[in-house]
Amino acid sequence: HGFFYTLAWICFINFMKIGRCILMGMLLALLTSSCDDEKMGSIVGKWNVNRAEFNLRSFRYPGSVNQVEDMDTAFEFRNDGTLILSHSGRLSSGKYQVKDKELITDIKFSTTVTGLSGIYTIKELTDSRLVLFVERDDTFQDPDTGVNLRGTVKATFHFDRTVE
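Rules behind the numbers
- Residues numbered from 1 in each chain as written.
- Predicted model: local features only at pLDDT ≥ 70, side-chain atom pairs only at ≥ 80, totals over all residues.
- Heavy atoms only, no water.
- Helix = DSSP H or I, 4+ residues; strand = E, 2+ residues; numbered from the N terminus.
- Buried < 20%, exposed > 50% of the residue type's maximum accessible area, 1.4 Å probe, protein only.
- Contact = heavy atoms within 4.5 Å.
- Areas by Shrake-Rupley, 256 points an atom, 1.4 Å probe, with all protein chains shown as cover.
- Core = buried A, V, L, I, M, F, W, Y, C linked by side-chain atoms within 4.5 Å.
- Pairing = 2+ DSSP bridges.
- Salt bridge = Lys/Arg side-chain N within 4 Å of Asp/Glu carboxyl O.
- Phe/Tyr/Trp six-rings, centres within 6.5 Å; stacked < 30°, edge-to-face > 60°.

J.: Would you explain the overall build of the protein chain in this entry?
T.: For the protein chain, the count of helices and strands is one helix and nine strands. The N-to-C order of helical and strand elements in the protein chain reads α-β-β-β-β-β-β-β-β-β. When the 164 residues of the protein chain are sorted by exposure, 31% land in the buried category. Excluding contacts between residues fewer than 6 apart, the proportion of contacts in the protein chain whose partners are at least 24 apart in sequence is 47%. Here the protein chain has roughly 11000 Å² of accessible surface; of this, 57% comes from carbon and sulfur atoms.

J.: Can you help me understand the nonpolar core in this one?
T.: Across soluble globular proteins, nonpolar side chains show a tendency to be buried alongside one another. Of all hydrophobic cores here, the largest spans 29 residues; its most connected members are Phe77, Leu130 and Phe157. Every element with two or more residues in this core is listed here: β1 (45-58), β3 (73-77), β4 (82-87), β7 (118-125), β8 (129-141) and β9 (148-161).

J.: How should I be thinking about the pairing of β9 in this particular structure?
T.: Side chains on a regular strand alternate between the two faces of the sheet. Alignment of β1 against β9, held across 11 bridges, turns out to be antiparallel. Across the sheet, residue tryptophan 47 finds its bridge partner in β9, namely arginine 161. As judged from the 13 bridges shared by β8 and β9, these two strands associate in the antiparallel manner. Along β9, the bridge assignment pairs threonine 139 with arginine 150. Hairpin connection, β8 to β9: the antiparallel pair is bridged by six residues, and glycine 146 has positive phi, about 80 degrees.

J.: I'm lost on the pattern of salt bridges in this one. Help?
T.: Once the charged atoms of two side chains with opposite charge are near each other, the side chains can pair. Overall, the coordinates contain three salt bridges when judged by the stated rule. Here arginine 51 makes a salt bridge to glutamate 53, at a shortest N to O gap of 2.9 Å. Note on arginine 51: relative accessible area 30%, which makes it partly exposed.

J.: Got a minute to help me understand the environment of lysine 154 in this structure?
T.: By the secondary structure assignment, lysine 154 is in strand β9. Lysine 154 gets classed as partly exposed once you look at its relative accessible area, which sits at 35%. Residues lysine 154 and arginine 57, spaced 97 residues apart in sequence, show a C-alpha to C-alpha distance of 8.6 Å. Ignoring anything within four residues of it in the chain, the contact list for lysine 154 reads Glu53, Phe54, Asn55, Phe133, Val134 and Glu135.

J.: Looking at this structure, I do not really get unusual backbone geometry. What am I missing?
T.: Backbone phi values are negative for most residues with the exception of glycine, while trans is the configuration of most peptide bonds. In the Ramachandran plot, serine 88 falls in the positive-phi region, its phi being about 50 degrees despite a non-glycine side chain. As for its placement among the helices and strands, serine 88 is situated in the loop between β4 and β5 (90-99). On the accessibility criterion, serine 88 (63% relative accessible area) is exposed. Its identity is not glycine, yet aspartate 100 carries a phi of approximately 55 degrees, on the positive side. Structurally, aspartate 100 can be placed in the loop between β5 and β6 (102-105). The exposed category is assigned to aspartate 100, whose relative accessible area is 69%.

J.: Sorry, what's going on with the pairing of β8 here?
T.: Sheet topology places β7 next to β8; four bridges connect them, and they run antiparallel. Pairing of isoleucine 122 across the sheet is with leucine 132, part of β8. With antiparallel pairing between neighbouring strands as the criterion, β7 and β8 make up a hairpin whose turn holds three residues.

J.: Looking at this structure, how should I read the packing of aromatic side chains?
T.: In this description, an aromatic ring pair is defined by two values, namely the gap between the centres and the angle between the planes. Inspection of every chain in the model, using the stated rule, returns five aromatic pairs. Relative to phenylalanine 77, the ring of phenylalanine 75 lies with its centre 6.1 Å away and its plane at 15 degrees, an arrangement referred to as stacked. Residue classification places phenylalanine 75 among the buried positions, given a relative accessible area of 10%. Within the aromatic cluster, the residues linked to one another by ring pairs are Phe75, Phe77, Tyr96 and Phe159.

Quick look at the structure:
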């Protein structure tokens, strides 16, 4: 009988250790998931794009081109879902909505690389900074040759909130 009692005791101890490990794992998962669900700041207000980063990959040619642009472009996100864009004296307007961690807009405006309407992933949204990312198939102008190419555009836009 001594062997079976010892074996039962070892199983009980190991079960308790496994139970504690499972409980700790669940607690850790709960804590880290609550960190992911942090409340984002409000997008409503005026923002200046201070930098745009593009990665361009043609369907026709190997390799990709990285391009960084300093942009002098202002965005105003209004409470009613209206988006106003100002670039070099040109104004454009459209609608927007924020859903989860996505910005959806129908604004009719194009950079030299891509149009701005579509769905963006909100990478960062605080009281002072906004970072948007988009990846889409589009036609873009090769920065070296000026030739229009069809391919994948990855764009990251960095904004600073305008203090009024």
